[in-house]
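Now for the letters of each chain:
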Protein chains: 2
Amino acid sequence: MTGVHTSLRPAQSLQDRVRRDVSTFTEAERRVAHALLGEYPMAGLETVARFAKRAETSGPTILRFINRLGFESYADFQDALRIETQARLQGPLSRYDLLGQANAPAAGQVLAQAMRQNIEGAARDLAPNLPAIVDRLADLDRKVLCIGGRFSQMIAGYLHAYLRELRPNVRLVRDGSASWADDLLDVAPGDIIVVFDFRRYQRDVLEFAKGAVAQQAEIILVTDIWYSPIAALAQHVVACPVSIPSAFDSGVTGLAVVEIITAAVIDALGPRSKGRIATLEALRKPFNLGS
Amino acid sequence: MTGVHTSLRPAQSLQDRVRRDVSTFTEAERRVAHALLGEYPMAGLETVARFAKRAETSGPTILRFINRLGFESYADFQDALRIETQARLQGPLSRYDLLGQANAPAAGQVLAQAMRQNIEGAARDLAPNLPAIVDRLADLDRKVLCIGGRFSQMIAGYLHAYLRELRPNVRLVRDGSASWADDLLDVAPGDIIVVFDFRRYQRDVLEFAKGAVAQQAEIILVTDIWYSPIAALAQHVVACPVSIPSAFDSGVTGLAVVEIITAAVIDALGPRSKGRIATLEALRKPFNLGS
DNA sequence: CTAGCCTTCTATCATACATTACAGACACCA
DNA sequence: TGGTGTCTGTAATGTATGATAGAAGGCTAG
């Protein structure tokens, strides 16, 4: 184990020290560390109680944590945080300074940045369509089918997993066109097909959509900004920016859209979904670990 | 959803407001204003007593000062300072967001904002671990297994789909413990298990991880900031902030981590992966629609 | 010169707070 | 299986803290 108490003068930034020593902490202390790093430094400038709540632990654990960092008291810790952060704000305000010695913009930062912009764009595009989409998905008289392509089927899977917890009659159309004819057979007029289709658009997904339309289903399409050909068949289209500096397009945007829609559906269903979630939780209890 | 705070959110920054209104203050209050602006924002994050001493005035004057700014209590004032400064530290992009959404808090924007912060946090946590993780995943002599829980298996699926395009010997351990024993059987010392485990942690995933460790596999764990118990078994842990204002935790962060890792693996593999992608594209051509 | 008002401080109070002590839970080892 | 050490949350405690009331100072108006 490394030296417990370092000298009074913090040679390197507190942030770095926490990150470096995180492996030597106990489990609860690690939660504290990550709560701090997640909202650095302001999490540590709140009261002990609020800091503890944020880290889902108790006050004493916070104090043990800051003791292990070498501070005599919580006040000392906050002083150090304040001084360090003030110095940081004094200097050039570039956010890259915050990353510590890594003078080069750290590996994933550019990607993260791009993803964040994509989410922003998708949320903008989604907003006007959201009420109509939610209206359909919260209508328990309609069946809901989720389907996606080679990659995007994972996104469809997420929507399916979420919706299934909120309402009945949600199904996931799985990969491999074998059973698709059977899936189509059950589609009734007014049912909802949520299609996720990103480049490169797959022929079979298009075929499925055509079949669904023939059954008078309504189509909600989540696609990229280059528009899948399915857009021509869809009642509601959400366009996601998916470009990131990588060989692949990003799936993050689509998943973000799914989660925004899900949250809105929960709102729309209100208490009806609450009970269902509670029941599910109870049924699953034996399979989960404590807490 | 929880009620939104009704407190008046200042359209412009606190700093600007103080600077603008400084002429309307009394003499003692002006000293307070200058003390705050001189060491902004940390002067205001200390206790009232210390703030007063710094401004060479008394406690009540401080309180009247912050009352005049429109805050009910000193705590409210500090909260506002913290939120504002945190946003400022987050970088120019986030600051822009806060201003933009002040006018019209469109549906979904708050969720989008939370997701973006989560990605930011995860990218920070990932950065130091990234080289080691990439090193393992780019080592073609090691087999790679991806596994996740009820929700996170979709994330595992994404990693699997990506990696499969880049290198051989990548497998996805599918849901339902039935075939897991068989999957474990093939695990050789030095193989890599990438585990995605978010609340609520499932017992069976933990069991699988234990089994893999027994086979001397190396574990890369992507979990939430509350740490899955698997962390105790893992060589590399990436902690993702997953809280969003919704009934469910967000899966977006985990997927973002996957894509950042993937991009880094592509870099590490270099030309070796390029050829493989090209081959795959050619093989798939018949199933895709034109461009 | 004084009455009235505004400003600012001192002194006091209730309480929210950090901190300490304790005990249950858990894992590990004999 | 019982013993030992570690970890972590609950409860109790004294204090430091924010808040308030009231008095002293000082300015302006009449």
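What comes next concerns the included structure. The shown structure was predicted, so the numbers you read here are calculated from the model rather than taken from an experiment. (Residues numbered from 1 in each chain as written. Chains lettered and ligands numbered in written order. Predicted model: local features only at pLDDT ≥ 70, side-chain atom pairs only at ≥ 80, totals over all residues.)

Let's talk about the interface of chain B and chain A
Listed as interface residues are 65 residues of chain B and, on the opposing side, 64 residues of chain A. Secondary structure elements with two or more residues in the side of chain B that touches chain A: helix H5 (74–90), helix H7 (109–137), helix H8 (153–166), helix H10 (203–214) and helix H11 (252–269) of chain B. Taken together, the residues of the side of chain B that touches chain A break down into 42 nonpolar, 13 polar and 10 charged. (Contact = placed C-beta atoms within 7 Å. Helix = DSSP H or I, 4+ residues; strand = E, 2+ residues; numbered from the N terminus. Nonpolar A, V, L, I, M, F, W, Y, C, P; charged D, E, K, R; others polar.)

Concerning the protein's contact with DNA strand D
In the vicinity of DNA strand D, 18 residues are found, and the nearest of them are A:Thr26, A:Ala28, B:Val48, B:Ser73 and B:Tyr74. Residue classes in the surface near DNA strand D are distributed as 8 nonpolar, 8 polar and 2 charged. (Near = placed C-beta within 6 Å.)

Thoughts on the environment of B:Pro168
All names here are of chain B. Of note, proline 168 is situated in the loop between H8 and strand E2 (170–172). For proline 168, a count of 10 C-beta atoms within 10 Å gives the class exposed. Linking proline 168 and aspartate 141, residues 27 residues apart in sequence, is a C-alpha distance of 9.5 Å. (Buried ≥ 20, exposed ≤ 12 C-beta atoms within 10 Å, placed from the backbone.)

Description of unusual backbone geometry
For the peptide bond that leads from A:Tyr40 to A:Pro41, omega is 0 degrees, which places it in the cis range. Of note, A:Pro41 is situated in the loop between helix H2 (27–38) and helix H3 (48–54). With phi around 65 degrees, A:Gln216 is a residue other than glycine that occupies positive phi space. A count of 11 C-beta atoms within 10 Å places A:Gln216 in the exposed class. The backbone phi angle of B:Glu56 is positive, close to 55 degrees, even though this residue is not glycine. Classification of B:Glu56 by C-beta neighbours within 10 Å gives exposed; the count is 11.

Section: the sheet that holds strand E3 (residues 192–197) of chain B
Residue and element names in this part refer to chain B. Read from one edge to the other, the open sheet built from 5 strands follows the order E2-E1-E3-E4-E5, with strand pairing classed as parallel. The strands lining the two open edges of the sheet, one partner per strand, are E2 and strand E5 (236–240). Neighbour-to-neighbour, the strand axes of the sheet open up by a mean angle of 15 degrees, direction not taken into account. Two elements, strand E4 (residues 218–224) and E5, share 5 bridges in a ladder whose sense is parallel. (Pairing = 2+ DSSP bridges. Axes fitted to C-alpha atoms, helices over the stretch in contact; angles between N-to-C directions.)

Quick notes on the protein's contact with DNA strand C
With respect to spatial proximity, 18 residues lie near DNA strand C, and among them A:Val48, A:Ser73, A:Tyr74, B:Thr26 and B:Ala28 are the closest. Within the residue set of the surface near DNA strand C, elements represented by two or more residues are H3, helix H4 (59–68) and helix H5 (74–90) of chain A together with helix H2 (27–38) and helix H4 (59–68) of chain B. Its residues assigned to classes, the surface near DNA strand C shows 8 nonpolar, 8 polar and 2 charged.

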